[in-house]
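Each chain is listed here by its residues.
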Amino acid sequence: MISTAITDLWYGFGVALEPHNLMYCFLGVLVGNLVGVLPGMGPVATISILLPLTFGMQPVPAILMLSGVYYGAQYGGAICSILLNLPCHPPHAVTCLDGFPLTKQGKGGTALGITIIAAFIGASFGITEMIFLAPFLVSVALKFGPAEVCTLMLVGLLAGSTLAKGSPLKGIAMTVFGLLIGIVGSDIETGQPRFTFGITELFDGVEIIALALGMFGIAEFMNSINQTEAVDMRYAKVGISDMFPSKADLKLAFWPMIRGTFIGSLCALIPGTGPTIASFVSYATEKKISKTPERFGRGAIEGVACPEASTHSSVQGDFIPTMSLGIPGDTVMALLLGALIIHGIVPGPQLISQHADIFWGLIASFWIGNILLVILNVPMIGLWVKLLSIPYRYLYPSAMFFVCIGVYAANNDMFQVGETMVIGVVGYVLLRLDFHPAPILLGFVLGPRFEENFRRSLLISRGDLLTFVERPISAFFLAICVLLIGAQIYVWLRKPKILVEEKAIEAQVPASSYSELAG
Amino acid sequence: MTGRFKLKRDYYAGGLILLLGVGAAVTGSGYKFGSLAKMGPGFLPVVLGVVLAFLGILIAGTALGSSEPDDKKFLPENPQWFGWFCILCGPVLFIIFGTFGGMIPAIFSCVFVCALGDKTATYKSSAILAAGITVFGVVLFHYLLGIPFPLLRGFNL
């Protein structure tokens, strides 16, 4: 098994190192790093804007570039947290707690250096996990019929909506709302237009780019306009020479990095628990097992190393269920899955065998991209720090232009621009009512496939709902669903201690005027 | 429940979801429902609509039972009506000027109006920003990426 993995990986490097692909991978991580640094911009909006521009490209460079934006943004996000105490990227919010005190002590450079090392270790482990686990998952998933696919999606949808932040009930409501938005358009089997209200442009369904940019672009700008405070740049002075951590710091940070990596890679495997949860859990764990917990929050280097390592390992691991099963774990993955579908690639277990160039090329590009990011971040840190001072009043109008032209370029259709605006207003109303828009995108992307498989499995069983329980794998997934709901009810009734502790850590994170959408 | 009945945000939230659910179910019932073995196009919309309506009731219901105070209002503390208006005007102007004028006026008007939404912005600073973005946008989208969007309708630039 190891030898085949190595041959496949070798092939992947061949794909990823083609000059054309390498260029787009570089472009992706560069853009990702850039938007990661900018407060108020996130990978979701960026990937949606870039998506229409990839329509004319081959699928391989397109996917390499879009993925590069995602993990590239994670390298940039930490800079904002450590130097400015601005948790504008949710996975890095917890890094503020110890990163900013370190900056105040003049050790911001060391913290950034440790972050880069932790990031690389975490990412490397995440990628290795993907190399070995994804083909294994595929071998299991190839036995799935429509009933199993259906219940597996149900697990993904439920986990995505209940394990994310905020009220689980509202999360589930948003998922169902997303499924309903996914229904808009012509029915696949009969061609009957549904929820189109006579608008011809809606017959093809709601455009994924319009949905993502409305919810994560326009709604986000409406939320942050005139609410952002001036950025405090007093401490943000870092030179290259400050970035090499001392031996003592490295020694202190080594084990937290390893533990963070493990926690992150575990979180990646549970659908719905992305990098944000991984970073909070690992910080809480590290604080708990530390011999000197009182140092946390006052500039402990472990408090930077551990969450960063787990964020990065979870980010890479996030790709596993998406690429091997076709079930996205969070918003970014839902978008990438949408990108695959637009490029004519059917997501699911057959992806690895039918599109080996995409899968193994992607994995190889992760290595290349991460090395590029390490190289990019050390000498260019001065430039990134300068970028931090770009005020929001210049950022959001420019971003609005990108939103408009990005949506227009998808179909060369002005209707989509208006659609995005309407979705943006709806998104803002939902946001004010404490609804999180992430599950909407999950439901939207999975909706059509869920309906297709649901109909097919009941057609096969001649309308017998018991088919979902009688097939063992499907019954197993259903049991997980019941467990998920049961756990939520338990938490709601009992409010266990772990959650209280996590809430306490969350409360320490400085409030951000940027909403959580950016992640 | 002790104390006065107070309107919490969650009642609005639950009500909105209930409304969406009922709306979806009613609209969906206009399509052919079919049976479990042979579902029509209306099956899933109706089922999902009913589930959504049920969730709406649950959301409002749990808010009723919870003792946690919810002081947040639906509108933020300092509503930015002018800012919101400017942001939403951006895409509207982009559509109007894009359809009748072309790419250059569309980009300029969109960025200019959006930039005005910020409290500290002046006409001059917004115009400079808009001009800069227009040049950048034209170079990137027209010359490099070549999206089919005439720079100025009626002129062959």
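Residues numbered from 1 in each chain as written. Chains lettered and ligands numbered in written order. Predicted model: local features only at pLDDT ≥ 70, side-chain atom pairs only at ≥ 80, totals over all residues. Heavy atoms only, no water.

Q: What should I look at first to understand the overall build of chain A in this one?
A: In terms of regular secondary structure, chain A is built from 23 helices and two strands. Along the three orthogonal principal directions, the C-alpha set of chain A runs to about 70 × 55 × 50 Å. When the 519 residues of chain A are sorted by exposure, 62% land in the buried category. Counted over contacts in chain A with a minimum sequence separation of 6, partners at least 24 positions apart contribute 81%. On chain A, roughly 18,900 Å² of surface is accessible, and the fraction owed to carbon and sulfur atoms is 68%. Placing the 28 positive and 33 negative side-chain charges of chain A at their respective mean positions leaves the two points 11 Å apart. (Helix = DSSP H or I, 4+ residues; strand = E, 2+ residues; numbered from the N terminus. Buried < 20%, exposed > 50% of the residue type's maximum accessible area, 1.4 Å probe, protein only. Contact = heavy atoms within 4.5 Å. Areas by Shrake-Rupley, 256 points an atom, 1.4 Å probe, with all protein chains shown as cover. Lys, Arg positive; Asp, Glu negative; His and termini not counted. Charge placed at Lys NZ, Arg CZ, Asp CG, Glu CD.)

Q: Quick question: what am I supposed to make of the confidence of the model for chain B here?
A: Residue and element names in this part refer to chain B. Per-residue confidence for chain B gives a mean pLDDT of 82; residues scoring 70 or more make up 89%. By mean pLDDT, the top-scoring element of chain B is helix H4 (residues 103-116) (89), and the lowest-scoring one is helix H2 (residues 43-65) (87). Scored as a whole, the predicted complex attains pTM 0.85, and scored at its interfaces, ipTM 0.88. (pLDDT = per-residue confidence, 0-100.)

Q: Where do I start with the packing of helix H7 (residues 146-162) of chain A against helix H20 (residues 438-460) of chain A in this structure?
A: Each pair of packed helices can be summarised by the angle the axes make with each other and by the distance between the axes. All names here are of chain A. Across the interface, H7 lies against H20 with an axial gap of 8 Å and an inter-helix angle of 155 degrees. The angle between H7 and H20 places the two elements in the roughly antiparallel class. Regarding H7 and H20, the two cross each other, and that crossing is left-handed. Residues Pro146, Ala147, Val149, Cys150, Met153, Leu154, Leu157, Gly160 and Ser161 of H7 form the contact with H20, whose participating residues are Pro439, Leu442, Gly443, Leu446, Arg449, Phe450, Asn453, Phe454, Arg456, Ser457 and Ile460. (Axes fitted to C-alpha atoms, helices over the stretch in contact; angles between N-to-C directions. Parallel < 35°, antiparallel > 145°, perpendicular 65-115°, else oblique. Left-handed = near helix turned anticlockwise from the far one by under 90°.)

Q: I'm lost on the pattern of salt bridges in this one. Help?
A: It is possible for side chains bearing opposite charge to pair when their charged atoms get close. Residues and elements named next belong to chain A. One pass over the structure, following the stated rule, counts ten salt bridges over all chains. For the salt bridge of Glu148 with Arg471, the shortest nitrogen-to-oxygen distance reads 2.7 Å. Of this pair, Glu148 sits in helix H7 while Arg471 sits in the loop between helix H21 (467-470) and helix H22 (472-494); the two residues are 323 residues apart in sequence, bridging distant segments of the chain. Assessed through its relative accessible area of 2%, Glu148 is described here as buried. For Arg471, a relative accessible area of 35% gives the class partly exposed. A salt bridge links Glu451 to Arg194; its shortest N-O distance comes to 3.0 Å. (Salt bridge = Lys/Arg side-chain N within 4 Å of Asp/Glu carboxyl O.)

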